[in-house]
Amino acid sequence: MIERLKVLVLNNTYEPLHFCPARRAVSMLLTERAEQIESDGVVLHSFSGQMACPTVIRLKRHVRIPNWGMVAFSKKNILRRDRRTCQYCGQSHDEMTVDHIVPRSLGGDSSWLNVVAACKKCNLKKGNRLIGDTGMRLIQKPYIPKFITFSNHPPTVPDSFIKSWHKYLAAYVKDPL
Ligand SMILES: [Zn+2]
């Protein structure tokens with residue numbers, strides 16, 4: 001069980017950094033490299049006795065992370081943000097492409113806000129036109145994703161864990177989990 005549990009790690013400034021295995025979180029607590037912020041009813045048995053499993057810990061020292069919160073702009077990450085769902089027709093296919101909302105030929109840039117996942121059919125249909133000229137619509141507004149929803153997507157954990165993470169993530173991430 002403990003092998004699968006993940007703990008949210010906060011910087012000492014409370015910014016969410018990543019998720020780590022519960023075992024590692026416990027060892028950071030025992031060595032006083034981190035403090036427990038939230039815990040859960042799940043009880044862990046360790047060499048030092050029983051303890052409630054932490055769900056959120058906070059590092060005692062500040063970790064400097066350049067470009068904190070930024071996700072590399074790439075086709076793979078665009079598809080991830082849009083859950084491999086075509087942003088025009090809402091369907092998901094094995095082979096997905098990305099589409100420039102304002103086409104490059106019309107000065108559109110390659111950025112999070114101008115590129116969305118699209119199926120081949122919609123991509124072809126839209127072609128090099130502005131969306132207003134096509135009768136097509138975006139199913140959601142593209143946004144710039146934050147690091148935590150990507151690089152360490154949390155695995156399956158008890159609901160109580162997710163609940164305890166939420167307020168720490170919500171300040172930084174839209175629709176965090
Ligand atoms: Zn489509």
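We now turn to the structure provided with this report.

Attention shifts here to the coordination of the zinc ion. Bound to the zinc ion on the protein side are Cys86 (SG), Cys89 (SG), Cys119 (SG) and Cys122 (SG), at distances that span 2.3 Å. Each of the four donor atoms bound to the zinc ion contributes to angles spanning 103 to 117 degrees, and the resulting shape is tetrahedral. Read N to C, the donor residues that coordinate the zinc ion are spaced as C-x2-C-x29-C-x2-C. Separated by 36 residues along the polypeptide, Cys86 in the loop between α2 (75-81) and β5 (96-100) and Cys122 in helix α3 (residues 120-126) bring together distant segments of the chain. The burial state of Cys86 is the same as that of Cys122; both residues are buried.

What follows is about the state of the cysteines. Evaluation of the coordinates by the stated rule reveals zero disulfides. The closest cysteine sulfur to the non-disulfide-bonded Cys20 is located on Cys53, 9.7 Å from its own sulfur. The exposure class of Cys20 is buried, given its relative accessible area of 2%.

Of all hydrophobic cores here, the largest spans 26 residues; its most connected members are Leu8, Cys53, Ile57, Phe161 and Trp165. Of all the elements in the fold, those that place two or more residues in this core are β1 (6-10), β2 (16-21), α1 (22-30), β3 (34-46), β4 (49-59) and α5 (159-170). Among the nonpolar cores identified, the runner-up in size contains 11 residues, and Tyr88, Met96, Ala117 and Cys119 belong to it.

Further remarks concern the pattern of salt bridges. Scanning the entire structure with this criterion turns up five salt bridges. The shortest N-O distance in the salt bridge between Lys167 and Glu38 comes to 3.4 Å. Linking Lys167 in helix α5 with Glu38 in strand β3, this pair joins segments that are 129 residues apart in sequence. On the basis of relative accessibility, which here comes to 59%, the residue Lys167 falls in the exposed class. Note that Asp99 is salt-bridged to Lys126, the shortest N-O span being 3.3 Å. Of the two residues, Asp99 sits in strand β5 while Lys126 sits in helix α3, which places them 27 residues apart along the sequence.

Rules and cut-offs
Residue indices begin from 1 for each chain and proceed along its sequence in written order. A pLDDT threshold of at least 70 governs which residues receive local features in this predicted model, and a stricter bar of 80 or more applies before side-chain atom pairs are shown or counted, although totals over entire chains, interfaces and linings include all residues. The side-chain numbers reported here are obtained from all heavy atoms of the structure, hydrogens and water having been left aside. Metal-coordinating donors are taken as N, O and S atoms lying within 2.8 Å of the metal, or within 3.2 Å when the metal is Na, K or Ca; because water is left out, some sites can appear incomplete. Metal sites are grouped by the angles between bound donors: all angles between 85 and 135 degrees with four donors is tetrahedral, opposite donors over 155 degrees apart with the others between 65 and 115 is square planar for four donors and octahedral for six, and any other pattern is irregular. For the purposes of this entry, the term helix denotes a DSSP run of H or I that reaches at least four residues, the term strand denotes a run of E that reaches at least two, and both are numbered from the N terminus. Whether a residue is buried, partly exposed or exposed follows from its accessible area with a 1.4 Å probe, protein chains only, as a fraction of its type maximum: under 20%, in between, or over 50%, in that order. In plain terms, two cysteine sulfur atoms within 2.5 Å form what is called a disulfide here. What is meant by a nonpolar core is a set of buried Ala, Val, Leu, Ile, Met, Phe, Trp, Tyr and Cys residues, joined one to another through side-chain atoms within 4.5 Å. Salt bridges are defined by distance alone: a side-chain nitrogen of Lys or Arg within 4 Å of a carboxyl oxygen of Asp or Glu.

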